[in-house]
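# Close look at the chain arrangement
The chain contents come next:
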Amino acid sequence: MNREDEIMNKKKEAMKQLRGDRKEWITMASTMVKEQRKERKAIKKYLENQPATVPEIADATGIPSDKVLWYLATLKKYGDIVEGEKDGSFFRYVLTESAPE
Amino acid sequence: MESNPVLNVDALVVGGGIAGLQAAIDLADQNFKVAVVEKDASIGGKMIRLSKVFPTLDCSSCITTPKMAAAAHHENITILTYCNLNSLKRDGNHLMASIIQKPRYVDPEKCIGCRRCEYDCPVYVSDEEQGGFSARKAVYIPFSNAIPQIAIVDTEHCMLCGKCEKACPTSAIDYFQKPIYFTIKAKTAVLATGFELTTLEDKPQYGLGKIPNVIDALQMERLLAPHGPYNRVLRPLDGMEPDSVAYVQCAGSRDKSMGVSYCSRVCCMYAIKQAMLLSGSLPLADITIYYMDIRAFGKGYEQFYQNAKAMGIEFVKAKVAALDAGENGSVTVRYEAQDGVGVTMANHDLVVLSLGMIPGWNPKGVCPVSSASDKFIKTIQPKISPTLTDMDGVFTAGAAAGPKDIVDTITEAGAAAMEASKYLIELQKGHAA
């Protein structure tokens, strides 16, 4: 075993130990991420077909409207959507071409 | 046993908000060595999180950032962020501060603040820096103009998936980082530990934080800020642009039932400021301020209030008795009108609670400095030397000693620096004699 492999193995062992120590947090975060992926995917899928307002997305996906807005604000921050035209008192949100998934 | 490393300075400043930074800069400019200890991952305190300031309507971030940079780049100032003060005690002629720097799980020497880790992290976590209205990631830079621009891993939400480590171009991620324990040995200290707001959950009559579209004033600051969560003012329930916004004054102050019998001083003015900003961003919206009495105490403040009235902001003299969830996400405000109409109800799309200011830090068990009956740091000569505490060589500035606005905070920080400087010079003379 060369020195590089030895370092890699040591790190693997240490990560294993760390995963064990943080098992509870990791389980909680993983469950949360799974749910978030599902909800993000549903929102993006709906936006693939047309720009939409928060209530429209909430109606179509069954996700509560405050949570839809929370996702949209975050997706906008990370460049996956942009704010579109205003429709009455609401704004429509548009998926960007570069958005992954 | 190995002892903790010791940092020797002339002055220790506890708190890296505007009071602490001003005191640190004023001391450092007099050639004293200063260490600033901040609990958050960035300096800047509450002021850097505000939209604009009253009565000048200067952009808060534009006037705070230069102060933050001036302190961070000052050759006589050492900034220590993400630190807990474990104890601050006198030891002969010196003050000894025991500090823990929490691990960021990111090497501060290697991190270049590029945020690639943040973009690649798959975990969304509610972002308190944006009032909880949007998310950050489990690895993140606290906010866009944070100083220092160093990422932090939030271990409670981290899956250890390794994506941030792979994305980092400088191999800065270090999942095994440990807290750093050290001691600061100083001759004097300035306590500038600031304030927090009472919480939305405190008062049953106002819905205990469960009524949709009832937010606090700091959350509204984020909605009004240029880098806010929506980049505009929207209702958090459904993204609607509100047609009617109301402010409930004294929602956490002058209220013995909440244990805050004092006036928080700044709420009248920040509500007026926010109302004016809302008039600009939502020109067609009706804005109402329910108030007990308006306290426009500072230079130019009364004129600011009169300007707000002239702009069409409605001031209703009434103490709001209760809030309830109305139809379609609206909020019903129940109050007793002073014009003889009696109990009145009004609906608004969005309601902002002007919550009270409470101390940001309790010295009990950490530092033998006394708190007053309002729990803010006790000042022993509040009229003629308002920065003196009951601990020799320890001074206080800003909202740590009681609610105050930015102007008074900066003035007091200068005064605290002057007292600390006088104390240091007297010490030097004593040694020379």
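No experiment lies behind these values; they were computed from the predicted model shown.

### Thoughts on the nonpolar core
Residues and elements named next belong to chain B. Membership of the largest hydrophobic core comes to 81 residues, with the highest contact counts inside it found for M220, I272, L323 and L353. For this core, the element with the most residues is helix α6 (residues 267-281), which contributes 10 residues. Two domains each put at least three residues into this core: domain 2 (103-177) and domain 3 (198-357). Setting aside anything within four residues of it in sequence, one finds L323 in contact with Q205, Y206, I211, V214, V248, V331, T332, V333, V351 and L353. In terms of nonpolar packing, the next biggest core, distinct from the first, is built from 32 residues, I25, F32, A192 and L388 among them.

### Description of the side chain of D80 of chain A
Residues and elements named next belong to chain A. Positionally, D80 belongs in the loop between α4 (65-77) and β1 (81-87). Taking relative accessible area as the criterion, D80 reaches 12% and is therefore assigned buried. Of note is the side chain of D80, whose polar atom sits 3.4 Å from the side chain of K44.

### Considering the packing of helix α1 (residues 18-28) of chain B against helix α2 (residues 60-72) of chain B
Residues and elements named next belong to chain B. Two elements in contact, α1 and α2, have axes separated by 10 Å at closest approach and are oriented at 45 degrees. With respect to α2, the axis of α1 lies oblique. As α1 runs across α2, the sense of the crossing is left-handed. Facing α1, whose interface residues are I18, L21, Q22 and I25, α2 presents K67, M68, A70 and A71. The class makeup of the residues in the contact of α1 with α2 is six nonpolar, one polar and one charged.

### Quick word on the state of the cysteines
Residues and elements named next belong to chain B. The tally for this structure, following the rule as stated, stands at one disulfide over all chains. Covalent S-S linkage joins C59 and C62, the inter-sulfur distance amounting to 2.5 Å. Between C59 and C62 the sulfur-sulfur dihedral comes to about 80 degrees; the bridge is accordingly right-handed. A relative accessible area of 48% means that C62 is categorised as partly exposed. Take C250: it sits in no disulfide, and the sulfur closest to it among the cysteines is that of C268, at 6.2 Å. In this structure C263 is a free cysteine whose sulfur lies 6.4 Å from that of C268, the closest cysteine sulfur available.

### Thoughts on the packing of aromatic side chains
Taken as a whole and assessed by the stated rule, the structure comprises 12 aromatic pairs over all chains. Measuring from ring centre to ring centre gives 5.0 Å for Y305 of chain B and F315 of chain B, while their planes differ by 75 degrees; the resulting arrangement is edge-to-face. Taken as a pair, Y305 of chain B in helix α7 (residues 301-310) and F315 of chain B in strand β19 (residues 314-317) lie far apart in primary sequence, 10 residues in all. Just as Y305 of chain B is buried, F315 of chain B falls in that class too. Through a chain of ring-to-ring contacts, three or more aromatic side chains come together here, namely W70 and Y71 of chain A together with Y124 of chain B. One Lys or Arg, K137 of chain B, reaches over the ring of Y78 of chain A and ends 4.2 Å from the middle of that ring.

### Notes on the pairing of strand β2 (residues 11-14) of chain B
Residue and element names in this part refer to chain B. Where burial is concerned, the two faces of β2 agree: the one with A11 and V13 and the one with L12 and V14 are both buried. One ladder, built from four bridges, connects β2 with strand β3 (residues 34-37); its direction is parallel. Along β3, the bridge assignment pairs V14 with V37. Once you follow β2 into α1 and on to β3, the crossover reads as right-handed. Pairing of β2 with strand β14 (residues 188-191), which is carried by four bridges, proceeds in the parallel orientation. Opposite V14, over in β14, you have L191 as the bridge partner.

### Examining the layout of surface pockets
With a probe scaled to a water molecule rolled over the atoms, the places where space remains empty come into view. The volume enclosed by the second largest pocket comes to roughly 510 Å³. What lines the second largest pocket is a set of 29 residues, and nearest its centre among them are K77 of chain A together with Q130, F143, S144 and H227 of chain B. Looking at the lining of the second largest pocket element by element, the count peaks at three residues for α4 of chain A. Its residues placed into classes, the lining of the second largest pocket shows 11 nonpolar, nine polar and nine charged.

Definitions and limits used
- Residues numbered from 1 in each chain as written.
- Chains lettered and ligands numbered in written order.
- Predicted model: local features only at pLDDT ≥ 70, side-chain atom pairs only at ≥ 80, totals over all residues.
- Heavy atoms only, no water.
- Core = buried A, V, L, I, M, F, W, Y, C linked by side-chain atoms within 4.5 Å.
- Buried < 20%, exposed > 50% of the residue type's maximum accessible area, 1.4 Å probe, protein only.
- Helix = DSSP H or I, 4+ residues; strand = E, 2+ residues; numbered from the N terminus.
- Domains from an automatic or database assignment.
- Contact = heavy atoms within 4.5 Å.
- Polar contact = N/O pair within 3.5 Å; in protein donor to acceptor, adjacent residues only side chain to side chain.
- Axes fitted to C-alpha atoms, helices over the stretch in contact; angles between N-to-C directions.
- Parallel < 35°, antiparallel > 145°, perpendicular 65-115°, else oblique.
- Left-handed = near helix turned anticlockwise from the far one by under 90°.
- Nonpolar A, V, L, I, M, F, W, Y, C, P; charged D, E, K, R; others polar.
- Disulfide = S-S within 2.5 Å.
- Phe/Tyr/Trp six-rings, centres within 6.5 Å; stacked < 30°, edge-to-face > 60°.
- Lys NZ or Arg CZ within 6 Å of the ring centre and 35° of its normal.
- Pairing = 2+ DSSP bridges.
- Right-handed = clockwise from strand over helix to strand, strands pointing away.
- 1 Å grid on protein atoms, 1.4 Å probe; cavity = no way out; pocket = protein on both sides within 12 Å on 5 of 7 lines; lining within 4 Å.
- Points joined across faces, edges and corners; volume = space filled by probe spheres on them.

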